[in-house]
Amino acid sequence: MSAPHDTLNLGILAHVDAGKTSLTERLLFAAGVIDEIGRVDQGSTQTDTLALERRRGITIKSAVVSFGIGDLTVNLIDTPGHPDFIAEVERVLNVLDGAVLVISAVEGVQAQTRVLMRTLRRLGIPVLIFVNKIDRRGADEQRVLRDIRARLTRAIVPMGSVTGLGHRSAAFTPYGPADAGFTAGLAETLAEHDDSLLAAFVADETAVPYSGLRAGLVSQTRQGLVHPVCFGSAVTGAGVAGLTDGIRDLLPRAGAEAGGPVAGTVFKIERGPAGEKIAYVRMFSGTVRARDRLRFGTAGTGKVTAIRVFDRGPATAREQVVAGQIGKLSGLGGIQVGDSLGAGTGDGAAPAARTFFAPPTLETVVVPAQPADKGALRAALGVLAEQDPLINVRQDDVHQEILVSLYGEVQKEVIQATLADEFGLRVGFRESTTLCIERPSGSGAAAEFMSDDANPFRATAGLRIEPAAAGAGVRFQLGIEPGALPVAFQKAVEESVRETLREGLSGWPVTDCTVTLTHSGYTPPPPFGWSKWSTSAADFRHLTPLVLMTALRRAGTQVYEPIHRFSLDLPADTFGLVLPLLAQLGAVPGAPQPSGSSCLVEGDIPAARVHQLEQQLPALTRGEAVLDGAFDRYQVVAGRPPARPRSDHNPLNRKEYLLHVRRRIAG
Ligand SMILES: Nc1nc2c(ncn2[C@@H]2O[C@H](COP(=O)(O)OP(=O)(O)OP(=O)(O)O)[C@@H](O)[C@H]2O)c(=O)[nH]1
Ligand SMILES: [Mg+2]
């Protein structure tokens, strides 16, 4: 049995305020799913449903809606554009068949647009570009196209022309086979990836039939090699028909193996009215039925109690969800965002933690208004972290404080409001500090054997740590004979490695490294029963931090700080005033590019200084400066690296650590 219709799981992505949610509303209206178009500014849209989203007029969480275009069912995922909520975009990327990247016809390519497009291209996700807001004053078709070619990609195909730019009457007219300029440009762009087309085109420009060009466009768009560009307005509805055609004809459809083994990915968790977990899963293969027992994540299992499926409207109760579809599953208590579903999991093969964007670069202390609420706060943050794996919660034992990692200041407000609304907890925040990372500077190894007198645990472990490529994260691998160590023990070592690397030699998280298990040994239980002399997973969990920290100390680490790429648009006559400020904040600006009475400066600035720049710019520029920026890379901190307070039982201090373990075992 297969899905009733072909399905396309479509992400809608853009810089903040480009018009994603408004466009979503338009598409739903055009498809007849809603009779009235909601407005972001009035808090009446289908996808901005949280109280906070309606109050602020921005999207915070990704949301799914579904509509039909002919025989195609589109599940559209509206995502937030604000960089503080990039984690929401991150987890959606795993489940998309294609994406629409929205760009404002007035603002053009913005910092987040570049970050998103780079990632979409790296992942090979097919992308249509929609240039929105052609009705707004200042909209400029040619400038946006130049901007896209210069800053995103040259592999674009403008699909039509715009009339009445900057007016409510602005309209989009698709090109057809008779537009010679269009067909020539199309042939030239397609020829970049198609040698036979290139040869035919060079021999005789008019010899390639339009049907061949069209087939090439479909094929190359579906492979993510070229990106068609449509224009329109989410407010007036102009160009929405052209976009709908593009979604139907140019993007690939979900492969649907309804009979295959169950495989799916959880990309969102929601709490139901009774606080129960509801997991949004995109099915890649197989069929899940109500009352099925499922495996998920590394070791979870549970029984599905109810299923809702998105099928041309709100999710409705169904008996099953099949390959290609998005379903909401109830009943799986321990499930988490990022978990994969199905038989391929749960056998010890941990799913590769894929991260596409930079991790949070800020950290702040959360302070409960009532000191007695500390325990409740820790529990509540734990629940939030479950919905949002990038909310890293950390306990600073030295100062008895709770810290969370963050992408930005708006995210603070969201956490504050969520804790108040959902948990009845009032909290404040200390000023955010920059979150650095450590990377090993060389490779280092260490081992402790069961026979060593100094080793109090019934386990042997040897580990090697070495640097990996930037962005690789932490990779764990076995350098021992397969089968030499039971899976449960391997898992204990790996989990402990990841936990230990949350605090490196200077107290920062250690990343971009490969850790190899080089030695292992254990005492099996006697043939019948159990003995207190045999090895347990806890022995490995306790020994691993000691061995790993010794290896890390031998490898050495370097501290890196996050650097933002900024672009600053300011009145030309204020450049001289702003330059000294940039220098003082450690920014490295490029040459200013004048345009009329304003000038554009692009450059690098330590993330730690962005907030100061934002605060001081208005006074120097009559409030006219427009600052835009996004995380670009990590850079070695010059001079003495900043240190972060380590927990008091950090395994660097062997004695403290062993006392801590003993207390934990006793307690
Ligand atoms: N004139 C005009 N305004 C638009 C258009 N599309 C969106 N807007 C306005 O732009 C603002 C932002 O629109 P949203 O739809 O919330 O943008 P978004 O991309 O969803 O924003 P985030 O989800 O917060 O990133 C709102 O005030 C919209 O009314 C358009 O085509 N023309
Ligand atoms: Mg939105």
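Nothing here was measured: the structure is a model prediction, and the numbers come from that model.

A closer look at the overall build of the protein chain
No. 1: Along the backbone of the protein chain there are 16 helices and 34 strands.
No. 2: In summary, the protein chain has a C-alpha radius of gyration of 27 Å against a globular reference of 26 Å for 667 residues, a match within 12%.
No. 3: Summarising its shape, the C-alpha atoms of the protein chain cover approximately 85 × 70 × 60 Å along the three principal directions.
No. 4: In the protein chain, the proportion of contacts linking residues at least 24 apart, taken out of those at least 6 apart, comes to 74%.
No. 5: Total accessible area on the protein chain is roughly 29,400 Å²; 52% of this is exposed by carbon and sulfur atoms.
No. 6: Computing the positive centroid from 68 side-chain charges and the negative centroid from 71, the protein chain places the two 5 Å apart.

Examining the coordination of the magnesium ion (ligand 2)
No. 1: Coordination of the magnesium ion (ligand 2) by the protein comes from Thr 21 (OG1) and Thr 59 (OG1), over a distance range of 2.0 Å. With Thr 21 in helix α1 (residues 20-30) and Thr 59 in the loop between α2 (51-56) and β2 (63-69), this residue pair connects regions lying 38 residues apart in the sequence. In terms of burial, Thr 21 and Thr 59 fall into one category: buried.

Brief notes about the sheet that holds strand β29 (residues 513-522)
Note: strands within a sheet are paired through backbone hydrogen bonds, in either parallel or antiparallel orientation.
No. 1: A sheet is described by the order of its strands in space; here 4 strands give the open sequence β26-β27-β29-β28, paired in mixed fashion. Only two strands of the sheet have a single partner each, and these edge strands are β26 (444-448) and β28 (474-478). Each neighbouring strand pair of the sheet contributes to a mean axis angle of 20°, computed without reference to strand direction.
No. 2: With 9 bridges joining them, strand β27 (residues 459-467) and β29 adopt antiparallel strand pairing. By the bridge assignment for β29, Ala 461 is matched with Ser 520.

What about the packing of helix α6 (residues 180-191) against helix α7 (residues 195-203)?
No. 1: Here α6 crosses α7 at 140°, and the two axes come no closer than 8 Å. Compared by their axis directions, α6 and α7 come out oblique. In the crossing of α6 with α7, the sense of the turn from one axis to the other is left-handed. Residues Ala 184, Ala 187, Glu 188, Leu 190 and Ala 191 of α6 form the contact with α7, whose participating residues are Leu 197, Leu 198 and Phe 201.
No. 2: Considering only residue class, the contact of α6 with α7 consists of 7 nonpolar, no polar and 1 charged.

So, helix α13 (residues 537-555)
In an α-helix, one full turn covers 3.6 residues, which means residues spaced three or four apart are oriented alike.
No. 1: Helix length check: α13 (19 residues) gives 27 Å between terminal C-alpha atoms against 27 Å at 1.5 Å per residue, within 8%.
No. 2: If you look at α13, its biggest bend is around 30°, right at Leu 543, and the proline Pro 545 turns up within four residues after that.
No. 3: Among the 19 residues in α13, 14 count as buried, and that is most of the element.
No. 4: Looking one or two residues beyond α13, the residue adopting positive phi is Gly 556, at roughly 75°.

Brief notes about unusual backbone geometry
No. 1: Unusually for a residue other than glycine, Lys 133 sits at a positive phi of about 65°.
No. 2: Using a relative accessible area of 17% as the deciding quantity, one classes Lys 133 as buried.

Details of the site of ligand 1
No. 1: Looking at ligand 1, there are 19 residues lining it, with Lys 20, Thr 21, Ser 22, Thr 59 and Asp 135 nearest.
No. 2: Here Val 235 contributes a backbone N or O atom positioned 3.5 Å from an oxygen atom of ligand 1.
No. 3: Relative to its unbound accessible surface of 650 Å², ligand 1 loses 90% to contact with the protein.
No. 4: A per-element tally of the shell around ligand 1 places α1 first, with 3 residues.

The rules behind each value
- Residues numbered from 1 in each chain as written.
- Chains lettered and ligands numbered in written order.
- Predicted model: local features only at pLDDT ≥ 70, side-chain atom pairs only at ≥ 80, totals over all residues.
- Heavy atoms only, no water.
- Helix = DSSP H or I, 4+ residues; strand = E, 2+ residues; numbered from the N terminus.
- Rg over C-alpha atoms; globule rule 2.2 N^0.38 Å.
- Contact = heavy atoms within 4.5 Å.
- Areas by Shrake-Rupley, 256 points an atom, 1.4 Å probe, with all protein chains shown as cover.
- Lys, Arg positive; Asp, Glu negative; His and termini not counted.
- Charge placed at Lys NZ, Arg CZ, Asp CG, Glu CD.
- Donors = N, O, S within 2.8 Å, 3.2 Å for Na, K, Ca; no water.
- Buried < 20%, exposed > 50% of the residue type's maximum accessible area, 1.4 Å probe, protein only.
- Pairing = 2+ DSSP bridges.
- Axes fitted to C-alpha atoms, helices over the stretch in contact; angles between N-to-C directions.
- Parallel < 35°, antiparallel > 145°, perpendicular 65-115°, else oblique.
- Left-handed = near helix turned anticlockwise from the far one by under 90°.
- Nonpolar A, V, L, I, M, F, W, Y, C, P; charged D, E, K, R; others polar.
- Expected span 1.5 Å × (residues − 1).
- Bend = angle between axes of the 7 residues up to and from the residue.
- Near = heavy atom within 4 Å.
- Polar contact = N/O pair within 3.5 Å; in protein donor to acceptor, adjacent residues only side chain to side chain.

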